[in-house]
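Topology and contacts: notes
Residues per chain, in single letters:
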Amino acid sequence: MRWIQTEYVLKGIFLGLLAFAALQAAGTESPDWATTGKLGLCVAGGLAIALGVAAIIKLRAGYGARGRLPAFILFLLMESSYLVYAGILLGMAFGVLWAWNVGEESNTRLNFFWAVVGGVLLGVIFGSLRQVENRWGRIALCLAMAAGIVAAALYYLGLIQSESGYQPPKNPSWFGIYLLLGMPIFYLLTFSGHDEESEVEIGAICAGIGLGIGFIYRDNHNVYLAAAILLVAFYLAYTWYVLPGLRVFKHVLRGLSHARGGRHRHALQAYRRALQLDPKNQMAREGFWAVHRSLDLDELTKDPQTLALVDLDLCLQRAGSLLLEPRPAPEKLSEAHRLLDLVAHQRPAMQPNVDYWRSVALLHSGQIDQAASALERVVGHAYGTTNAQRKLTLFPAWQLALLLHDQMKQRVGLPQLALPGRRMEAIAAVEAHLAENPKDSAAWSLKRMLYQDVTETDYDEAAGAHGAVAAGFDHAYAQELGLALINDPQRWQRGGDYLRLAARGLPALGPSLFIQIAQAHERAGNRDGVWHNYELAKRAGQSVGPSNLSEEDRHAYFAVVKYLADAAKHFGYTDKAIEHYQLYMEYERAGVETLRQLADMLEKKGNPLAALHATEQALVYNPKDPDLLQRKDRYYYSVMPEQFIGKPEAVPKAFDIGYCLKKAKLILNSRELDLDGLDWGQHLAALALAVKPQSLTAQLLLARAKLRRGEREEALALLEQIRTGKPEKFADSDDEESWFMACRFLGDLYLSELSRPDLAVPCYQEFRQSAKSGADTSYKLGQAYEQLGDKARAVKCYQQVVSFDGHPLAGEAHDALYRLQTN
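Residues numbered from 1 in each chain as written. Predicted model: local features only at pLDDT ≥ 70, side-chain atom pairs only at ≥ 80, totals over all residues. Heavy atoms only, no water.

Across the interface, helix α2 (residues 33-60) lies against helix α7 (residues 172-192) with an axial gap of 13 Å and an inter-helix angle of 10°. Relative to α7, the element α2 is oriented roughly parallel. The residues of α7 that touch α2, namely those facing W33, T35, T36, L39, V43 and L47, are W174, I177, Y178, L181, I185 and L188. Grouping the constituent residues of the contact of α2 with α7 by class yields 10 nonpolar, two polar and no charged. (Axes fitted to C-alpha atoms, helices over the stretch in contact; angles between N-to-C directions. Helix = DSSP H or I, 4+ residues; strand = E, 2+ residues; numbered from the N terminus. Parallel < 35°, antiparallel > 145°, perpendicular 65-115°, else oblique. Contact = heavy atoms within 4.5 Å. Nonpolar A, V, L, I, M, F, W, Y, C, P; charged D, E, K, R; others polar.)

Turning our eyes to something else, we now look at the pattern of salt bridges. A complete count under the given rule lists 43 salt bridges for this structure. Between K538 and E535 there is a salt bridge, and its shortest N-O distance comes to 2.7 Å. Of this pair, K538 and E535 both sit in helix α26 (residues 527-544), three residues apart, which is roughly one turn of that helix. For R596, the salt bridge goes to D627, with nearest N and O atoms at 2.7 Å. You can see R596 sitting in helix α29 (residues 591-604) and its partner D627 sitting in helix α31 (residues 626-638), a full 31 residues away along the chain. Overall, D627 belongs to the partly exposed group, its relative accessible area being 28%. (Salt bridge = Lys/Arg side-chain N within 4 Å of Asp/Glu carboxyl O. Buried < 20%, exposed > 50% of the residue type's maximum accessible area, 1.4 Å probe, protein only.)

With that settled, the discussion passes to the nonpolar core. Core analysis: the largest hydrophobic core is formed by 91 residues, its most contacted members being Y636, C660, L719 and Y798. With 10 residues, helix α36 (residues 733-753) is the single largest residue contributor to this core. Grouped together as the second largest cluster of nonpolar side chains are 75 residues, V379, I427, V454 and A537 included. (Core = buried A, V, L, I, M, F, W, Y, C linked by side-chain atoms within 4.5 Å.)

With that settled, consider the packing of aromatic side chains. To describe a pair of aromatic rings, you give the distance between the ring centres and the angle between the ring planes. With the rule as written, the count across this model stands at 20 aromatic pairs. Ring centres of W444 and Y477 lie 6.1 Å apart, and the angle between their planes is 65°; on these two criteria the pair is classed as edge-to-face. Residue W444 is located in helix α21 (residues 441-452), and its partner Y477 is located in helix α23 (residues 475-485); the two are separated by 33 residues in the primary sequence. Centre to centre, the rings of F558 and Y584 are 6.4 Å apart; their planes meet at 70°, and the pair counts as edge-to-face. Of this pair, F558 sits in helix α27 (residues 551-570) while Y584 sits in helix α28 (residues 574-584), and the two are 26 residues apart along the sequence. For Y584, a relative accessible area of 9% gives the class buried. An aromatic cluster is built from W444, Y451, Y459, F473 and Y477, whose rings are joined through pairwise contacts. Just above the ring of W739 sits the side chain of K726; from NZ or CZ to the centre is 4.5 Å. The ring centre of F745 lies 4.7 Å from the NZ or CZ of R744, which sits over that ring. (Phe/Tyr/Trp six-rings, centres within 6.5 Å; stacked < 30°, edge-to-face > 60°. Lys NZ or Arg CZ within 6 Å of the ring centre and 35° of its normal.)

The next thing to look at is the side chain of S695. Along the chain, the position of S695 falls in the loop between α33 (675-691) and α34 (696-709). Once residues within four sequence positions are removed from consideration, S695 is found in contact with L661, L689 and D735.

Another aspect to go through is unusual backbone geometry. Within the chain, S755 stands out as a residue other than glycine whose phi angle is a positive 50°. Take S755: it is sitting in the loop between α36 and α37 (757-767). The class of S755 is exposed, set by a relative accessible area of 55%.

Locating Q582 in the fold gives a position in helix α28. The class for Q582 is partly exposed, based on a relative accessible area of 40%. Along the chain, Q582 and D311 lie 271 residues apart, while their C-alpha atoms are 68 Å from each other. Discounting chain neighbours no more than four positions away, the residues touching Q582 are L598 and L602.

Time to look at α31. Taking 1.5 Å of rise per residue, 13 residues should cover 18 Å, and α31 covers 18 Å from first to last C-alpha, within 8% of that figure. All of the buried residues in α31 are L628, R631, K632, D633, Y635 and Y636. Residues of α31 that are buried in the fold lie against α29, α30 (608-621), α32 (657-668) and α33. Between a side-chain oxygen at the N-terminus of α31 and the backbone nitrogen of D627 the separation is 3.0 Å; the capping residue is D625. (Expected span 1.5 Å × (residues − 1). Polar contact = N/O pair within 3.5 Å; in protein donor to acceptor, adjacent residues only side chain to side chain.)

Our next topic: helix α4 (residues 81-100). For α4, with 20 residues, the first-to-last C-alpha span of 28 Å sits near the 28 Å given by 1.5 Å per residue. Listed in full, the buried residues belonging to α4 are S81, V84, Y85, G87, I88, L89, G91, M92, G95, V96, A99 and W100.

A word on empty space enclosed by the protein. Following the criterion strictly, the structure yields one cavity of 30 Å³ or more and no others. Of the residues assigned to the lining of the largest cavity, the class counts are no nonpolar, two polar and six charged. (1 Å grid on protein atoms, 1.4 Å probe; cavity = no way out; pocket = protein on both sides within 12 Å on 5 of 7 lines; lining within 4 Å. Points joined across faces, edges and corners; volume = space filled by probe spheres on them.)

With that settled, the discussion passes to the layout of surface pockets. Of the pockets and cavities examined, the second largest pocket occupies roughly 730 Å³. Lining the second largest pocket are 28 residues; nearest its centre among them are R390, K391, L392, L394 and A429. The greatest single-element share of the lining of the second largest pocket, amounting to eight residues, is contributed by helix α18 (residues 388-404).

All right, on to the packing of α32 against α33 then. Angle between the axes and distance between the axes are the two parameters that describe a pair of packed helices. Two elements in contact, α32 and α33, have axes whose closest approach is 8 Å; the angle formed by their N-to-C orientations is 150°. In terms of orientation, α32 and α33 fall into the roughly antiparallel class. Remark: the crossing between α32 and α33 carries left-handed chirality. When α32 is examined against α33, the residues I657, Y659, C660, L661, K663, A664, I667 and L668 are found in contact with a partner set consisting of G677, L678, W680, G681, L684, A685, L687, A688 and V691. Considering only residue class, the contact of α32 with α33 consists of 14 nonpolar, two polar and one charged. (Left-handed = near helix turned anticlockwise from the far one by under 90°.)

Moving on, we get to a nonpolar patch on the surface. On the surface, W136, W240, Y241 and V242 cluster together to form a nonpolar patch covering roughly 490 Å² of accessible area. The dominant element in the nonpolar patch, judged by the number of residues it contributes, is helix α9 (residues 221-260), at three residues. Its place among the elements puts Y241 in helix α9. According to the relative accessible area criterion, Y241 is exposed, its value standing at 65%. (Patch = residues over 30% accessible without salt bridge, like charges linked within 9 Å, V, L, I, M, F, W, Y side chains within 5 Å. Areas by Shrake-Rupley, 256 points an atom, 1.4 Å probe, with all protein chains shown as cover.)

Structural data, given as structure tokens:
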């Protein structure tokens, strides 16, 4: 069993013995203080003997009181837990046996045995509660344990209603007195134990005090109720506020005692544990460093166990604190070098840090060449670019190389800064430092020096590619530098360099930054520079998206696009002008005239479809513009149906299929239709059909155009296709009307030109279901029946025509009736 678990068992045994002694005293007719004194004497004697033996052992081991007897006794209590536990428990056991003659009565011996067994079980419970990881859960369980112990004791001793049959002790007050007297001794066991004090021990103490008060003031419920409330509050306050600090304090005391005895390893262990519990504890930090300062570095290298406990980071800090003094004494320089040697030997990964402080130490000694060599290894790439310790040291290293020492600046700083990648690496180190220390004036001085000569080449090397964004670069600061110079007639070009760098990392400001550069070129009379930077402003706006720009920057972006479009048009760069005008059309202020210009250029480039799209957009603003309407007619005539057949994705959103159908119908309905008009009408019908192949109206118009051209077979095929392809539900009323009209035209062809009255009859019968069917249809159907020899149906159809007085065909219907009735 581990000693820590054994400690809890021994604590439980102590409480068992204490409970046995308390029961014996409470059950006596007339308890006396003499018996209690015997028990106390044995416990005190056992503790005194234990401390005496511990003192002898520690003195032989080299520890000494050194005139501080209380501190030495405290040290013995903490560092001789085995002896302390043995002395108290053996003294307690001997005292119980002596005071109450346990060996004389079998019943008493049995009770003694069960007290010890019960104590062992209680100790196991203590150890189990100590293992609960959740702090609040551990506190809650300890409270429950304490309440359970109190309730069980009161129940067992008959102080609360029970059926146990056990009578209350004759003198319950003495039971309470013994418990109260035993709690300080129990706390002494807790204090001297190797294991850190936990919520379990203070819970047991509070339970013991509560029981003691309950037995002493058993007749006054208010007293022990108030005591219970106060003890719970004390327990919570102690565990939450006092216990954490007390744990740390005990480790600090241990560390202090070991340090005074020259036991550095034990002192380091104690201080390390204290700092783990509270990293900000000032006593622990000071004591920890005091032990480090007292270490003999030569001897330390021969003691690997102690060496493993040494905090090398702290050693490095110590070396740094010595070297930061203006003129460190020779002994301090020697100590710093020894500390640096130790760190370098034990942790090679920290060599960049060691080299930096070594260079500082060598500068204090006047060894300039060696200092420059050590510093060059840090700011150079001797340890690679990804070394974590080098990155942490880069800022102070560059500060030393450029600001703090003139010879380091000439020998290391400036030559290294001229190498590829070094300046941007130094800038990243400064920015990382300023992110944590924004008010560091020395860092700002170094930052201004580094940014003063930074170039786009430096930036591209750090970014990895032209156009990429470099990490660790203050683009907003570059913008400030650029704005301060861009209007200076002598230094505006340098200002432009800064603004270009700023635009790399501030894409939302890119358009406005490049515009300012372009304006500077314009003031200098550099037209190529103006054009180039306006183009960059346009690209910057495109990459971000105009909708993501601020209102001011968005207007500026579109102004640049308009400028580029107009300039390209002026110089005859039609493709560029079209590209920029199309971008400009995303602007809500573009207007009709921009669209008109765009359509005109697209027409000249031989792209009527794109010109048509621009014209349709313009007509949204002014639907009655004569020029736009004329353009619309022209562009629709120029767009070929083949562009859309089987390519629905090629149809622009603004394509007006309604226009094609309406215009084609108007043309084909004209009585005075020349060949050019017929071509136009057929083209529009074919165009509409290519865009919407399922349109019955487009099919009908195309069939009518072919009829007007005399292409009977193609027209007949189209009409038959319309009639036989009747959908279950028409897409719209126009398609429904077109289907009926196709039936009528098909009937006319069968009747008049193909002499197929048998095929004409069903076509006319279907057309008669149309609202546009009338006497004309009845007359043609009568003709078809007459040709088929069906006189009865023919007569019936002619009679329907005659019933329409004044109809142009009424006379012919009368003649037909006379003819059929006389034959």
